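Coordinate inspection notes
The chain contents come next:
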Amino acid sequence: MNLIKYKELFTLKMSLTKNLNEKTIKAYSSDLTHFFNYLDLQNNKRLTSSIILQYIENLSKTHKDSSISRKIISLKLFFNFLELEVKLSNPIKNLKFKFKKEKRLPKTLSIRDVNKLFETLYNCQTSSKTTFAKFEITRDLCIIDILISTGMRIAELANIKIQDIISSEKIILVHGKGRKQRLLYISSMETWENLREWITLRKKYKVPHEYLFINKYLNPLSIYGVENIFKKYRDLSHIKIPATPHYLRHTFATNLLSNGADLRSVQELLGHASISTTEIYTEVSTTRKKVVLKKYNLRNKIIKKNITNQEIC
């Protein structure tokens, strides 16, 4: 059986029928290539349950549970496809795997660090002298401001087009994961003014496409470009933790919950498919915990001066 040929047919079918984005399709393809390479190393010609178990056991020595779990999903989807298309006996169909999912708390920036970030950005804006410096700081301020103001993913930000800006409503149409769209309102007047200033400046250049954010060559700004921009101002702000742009998304969500926003609203704003994904932010939001503990903790009512002095010890 030509597994490479069927892998190509499988990924094509996934992209056409499952409404999956390019990144997910590439992940499936990469996982299957990894499995095929393992088969070649084992010089194995038969697709059996035992060879899959050996493969998973081998993965457990070098990969995290989350990575193994994804590869298993890729294999299940692929063998389901082969079962339907070429009537292959499905070797993974009756195999069951259990993994403990590591619960990692989202990493955030403190309010102090966010203030330092904006202070640096505004100082750079004030001191910009050249045309290129003005171009850079206007764009960079707008990018970081939108990320902290909306909590959108950097891939979503990089994909914003001019037509996605609904000026009359101060709304951005965001194209999220799984090709799902959502509307995000710009609640800060300063953020909106920074966006308007960037759009006005962008119009002065003959940009050959509709993407909102561009690099110095007028090409669409990539997610790596966004990451580099954030790192530049993080370092200029002397923020000591190795923060990434994704910290801004986590900071946005955590502060919404800390200030009283409900989980369902935060889920919608972040574009999470499941509310269980959003619930992780309640672990980081200490404000609510403080309120609950101050209001309901029994220990708060046990005061030393109210305890009868008796000789017990």
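Above this text is the structure in question.
Source: prediction; values computed, not measured.

Once that is clear, we can look at the packing of aromatic side chains. Taken as a whole, this structure holds 14 aromatic pairs when the rule is applied. For the ring pair F135 and W198, a centre distance of 5.4 Å and an interplane angle of 70° mean the geometry is edge-to-face. Of this pair, F135 sits in helix α6 (residues 131-150) while W198 sits in helix α8 (residues 189-202), and the two are 63 residues apart along the sequence. In terms of burial, F135 and W198 fall into one category: buried. Ring geometry for F135 versus Y205: centroids 5.3 Å apart, planes at 70°, classification edge-to-face. Remark: Y205 occurs in the loop between α8 and α9 (223-236) and F135 occurs in helix α6; sequence separation between them is 70 residues. Accessibility expressed as a relative area gives 2% for F135, which makes it buried.

The two faces of the sheet receive side chains in turn, since in a regular strand these alternate between them. As paired strands, strand β1 (residues 165-166) and strand β2 (residues 171-175) are joined by two bridges and run antiparallel to one another. Residue pairing across strands places I165 opposite I172, the latter belonging to β2. Linking two consecutive strands that pair antiparallel, namely β1 and β2, is a turn of four residues; a positive phi of about 55° is found at K170 within it. Relative to strand β3 (residues 181-185), β2 runs antiparallel, the two sharing five bridges. If you follow I172 over to β3, its bridge partner there is L184. Counting the residues in the hairpin turn of β2 and β3 gives five residues, including G178, whose phi is positive at 65°.

What counts and what doesn't
- Residues numbered from 1 in each chain as written.
- Predicted model: local features only at pLDDT ≥ 70, side-chain atom pairs only at ≥ 80, totals over all residues.
- Heavy atoms only, no water.
- Phe/Tyr/Trp six-rings, centres within 6.5 Å; stacked < 30°, edge-to-face > 60°.
- Helix = DSSP H or I, 4+ residues; strand = E, 2+ residues; numbered from the N terminus.
- Buried < 20%, exposed > 50% of the residue type's maximum accessible area, 1.4 Å probe, protein only.
- Pairing = 2+ DSSP bridges.

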